[in-house]
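So the chains spell out like this:
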Amino acid sequence: IFTNASLLTKSTIHELKKIKNIEQLVFSFPGGNRDVYETVTGLNFDISVENIKNAFSILENVNMRISMPVFEGNKDSEQEFYSLWKGYPCSTYKT
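Residues numbered from 1 in each chain as written. Predicted model: local features only at pLDDT ≥ 70, side-chain atom pairs only at ≥ 80, totals over all residues. Heavy atoms only, no water.

K.L.:
An account of the overall build of the protein chain is requested, with residue identities and associated values reported.
P.N.:
A count of helical and extended segments in the protein chain gives 4 helices and 4 strands. For the protein chain, whose C-alpha radius of gyration is 13 Å, the value lies close to the compact-globule estimate of 12 Å for 95 residues. When its C-alpha atoms are laid out on the principal axes, the protein chain stretches across 40 × 20 × 20 Å. For the protein chain, the residues scored as buried account for 40% of the 95 residues in total. (Helix = DSSP H or I, 4+ residues; strand = E, 2+ residues; numbered from the N terminus. Rg over C-alpha atoms; globule rule 2.2 N^0.38 Å. Buried < 20%, exposed > 50% of the residue type's maximum accessible area, 1.4 Å probe, protein only.)

As structure tokens, this is what we get:
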């Protein structure tokens, strides 16, 4: 499952927990700070961060990672991305 987590409420996370065959849950997070993330996505940074952290705490048996597609509009925030998600499985890739 690939998601930007913007609509991933605790209720939705608990519904996902009932699914036994989720191989991987990947969160696309295209920004290392609030300004870049909200400019690129038009989404609320705090809500997305909270939703992802909630998923990691509730779905303890699901393979998850946070991924940042890197492009001209967000490349300067790549190191901030790693700082933001320190302790979580995360990666970046060039688009």
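K.L.:
Describe in detail the sheet that holds strand β3 (residues 64-70), supporting the description with residues and values.
P.N.:
Hydrogen bonds between backbone atoms are what pair the strands of a sheet, whose relative direction is either parallel or antiparallel. Taken together, 4 strands build an open sheet; the order of strands is β1-β2-β3-β4 and the sheet is parallel. For this open sheet the edge positions go to β1 (2-3) and β4 (90-94), each flanked by a neighbour on one side alone. Pairing between strand β2 (residues 25-28) and β3: 4 bridges, direction parallel. By the bridge assignment for β3, Val 26 is matched with Arg 65. In the packing of helix α3 (residues 45-58) onto the sheet, contacts are made with β2 and β3, and the angle to β3 comes to roughly 150 degrees. (Pairing = 2+ DSSP bridges. Contact = heavy atoms within 4.5 Å. Axes fitted to C-alpha atoms, helices over the stretch in contact; angles between N-to-C directions.)

K.L.:
Outline the side chain of Asn 74, supporting the account with residue identities and numerical values.
P.N.:
With respect to the element layout, Asn 74 can be found in the loop between β3 and α4 (78-84). For Asn 74, the side chain forms a polar contact with the main-chain oxygen of Pro 69, separated by 2.8 Å. One polar contact links the side chain of Asn 74 to the main-chain amide nitrogen of Phe 71, over a distance of 2.8 Å. (Polar contact = N/O pair within 3.5 Å; in protein donor to acceptor, adjacent residues only side chain to side chain.)

K.L.:
Any chance you could break down the pairing of β4 for me, citing the residues and the numbers?
P.N.:
One ladder, built from 5 bridges, connects β3 with β4; its direction is parallel. Counted as the bridge partner of Ser 67 is Ser 91 from β4. Handedness of the crossover joining β3 and β4 through α4 is recorded here as right-handed. (Right-handed = clockwise from strand over helix to strand, strands pointing away.)

K.L.:
Can you explain the packing of aromatic side chains? Please cite residues and give values.
P.N.:
Each aromatic ring pair is characterised by the separation of its centres together with the angle its planes make. Applying the stated criterion to the full structure yields 8 aromatic pairs. On the numbers, 5.9 Å between centres and 75 degrees between planes, the contact of Tyr 37 with Phe 45 is edge-to-face. Take Tyr 37: its relative accessible area is 0%, and that puts it in the buried class. Geometrically, the ring pair formed by Trp 85 and Tyr 88 is edge-to-face, given 5.5 Å between the ring centres and 90 degrees between the ring planes. What makes Trp 85 buried here is its relative accessible area of 0%. (Phe/Tyr/Trp six-rings, centres within 6.5 Å; stacked < 30°, edge-to-face > 60°.)

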